[in-house]
Amino acid sequence: RQAAECLKERIHIELSDREIAFVQWATDDPSVDGNAASVEWCGPLGFEVLANLEYMTLGITNETPANSIDRGDRLRLRPVNQEAAHSHHEFRDLVEETYRDTLDCPRLNAFRSVDQTLHGYRTSPAHTPEWWFLADGIETGIPIGALVLARHDGRKNGPSSAAVLEIVYMGLIPSARGKRFGSELISSVLALAKADGCERAILAVDRENSYAKTIYAEAGFEPLLNETVWGRRLHDESSASTRNS
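Residues numbered from 1 in each chain as written. Predicted model: local features only at pLDDT ≥ 70, side-chain atom pairs only at ≥ 80, totals over all residues. Heavy atoms only, no water.

Participant: When you look at the pairing of strand β6 (residues 164-172) in this model, what are you seeing that I'm missing?
Facilitator: Working note: regular strand, side chains alternate between the two faces of the sheet. Counting buried positions along β6 yields 7 of 9 residues, so the element is predominantly enclosed. As paired strands, strand β5 (residues 143-152) and β6 are joined by 8 bridges and run antiparallel to one another. Following the sheet pairing, H152 is matched in β6 by V164. Sheet analysis places β6 next to strand β7 (residues 200-206), joined by 4 bridges and oriented parallel. By the bridge assignment for β7, E166 is matched with I202. For the handedness criterion, the β-α-β arrangement of β6, helix α6 (residues 181-196) and β7 is classed as right-handed. (Buried < 20%, exposed > 50% of the residue type's maximum accessible area, 1.4 Å probe, protein only. Helix = DSSP H or I, 4+ residues; strand = E, 2+ residues; numbered from the N terminus. Pairing = 2+ DSSP bridges. Right-handed = clockwise from strand over helix to strand, strands pointing away.)

Participant: Sorry, what's going on with the packing of aromatic side chains here?
Facilitator: All chains considered together, the criterion is met by 5 aromatic pairs. Between the aromatic rings of Y99 and Y169, the centroid separation amounts to 5.9 Å while the plane-to-plane angle is 80°, which identifies the pairing as edge-to-face. A residue pair is termed long-range when its members are at least 10 positions apart, and Y99 in helix α3 (residues 85-99) and Y169 in strand β6 qualify at 70 residues. The exposure class assigned to Y99 is buried, which follows from its relative accessible area of 13%. We classify Y169 as buried; its relative accessible area is 10%. Both rings, one in Y121 and one in W132, keep their centres 6.4 Å apart while their planes meet at 75°; by these two values the pair is edge-to-face. Of this pair, Y121 sits in helix α5 (residues 114-122) while W132 is found in strand β4 (residues 127-137), placing the two residues 11 residues apart along the sequence. Look at Y121 and you get buried, because its relative accessible area is 18%. Aromatic ring contacts, followed pair by pair, group F91, Y121 and W132 into a single cluster. Its end group placed over the ring of F181, R74 keeps NZ or CZ at 4.0 Å from the ring centre. (Phe/Tyr/Trp six-rings, centres within 6.5 Å; stacked < 30°, edge-to-face > 60°. Lys NZ or Arg CZ within 6 Å of the ring centre and 35° of its normal.)

Right under this line is the structure:
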């Protein structure tokens, strides 16, 4: 216990000096036999469980049913203009709206601001700026969904490795939920993946989000592995230390 307290304080000092406000840690599912030892330090180090994720995967070329890539006609994907500040602001506000009453990692969203989350997406090695989209309703022209995709170039892992499309984030505003717009977004994603030559799609979804998991399963996605996400907020600790000093 003493070793954990010392390490916890050291982590706080080192990361606070770098002006890091939030730390995220992912581990294997602790409920699975054999994984408990790998996460026994998380609690003593000040981390708490933020989400339990299920990773899902789908082969595009040969395994995707033909009807899985038939697009609907109620949505239009509009690329985010990465060079225009107003476009970034529009996308940021839309993402924030999709967070309201979401079933997808609600505790994780409470730990990070929208700006911090989007910054993390942009600094990822797989960041694909041309694959950020607003989903506009055809009838209204109003954006009702946000979509962030990334492309993992398989050539980095060898000449025979295929490219993989990752659904980094997909969200709908509250008024658009329960109307099968999610299925249309997935169809558009798979059509884009196939057109780009990707041979696989991957995503992570909150294991408690049964609605989203049903949409993904209907499109042909299958479970791959489970993961637990832990978080620790450092700026609150800094405030507490200041108050107690």
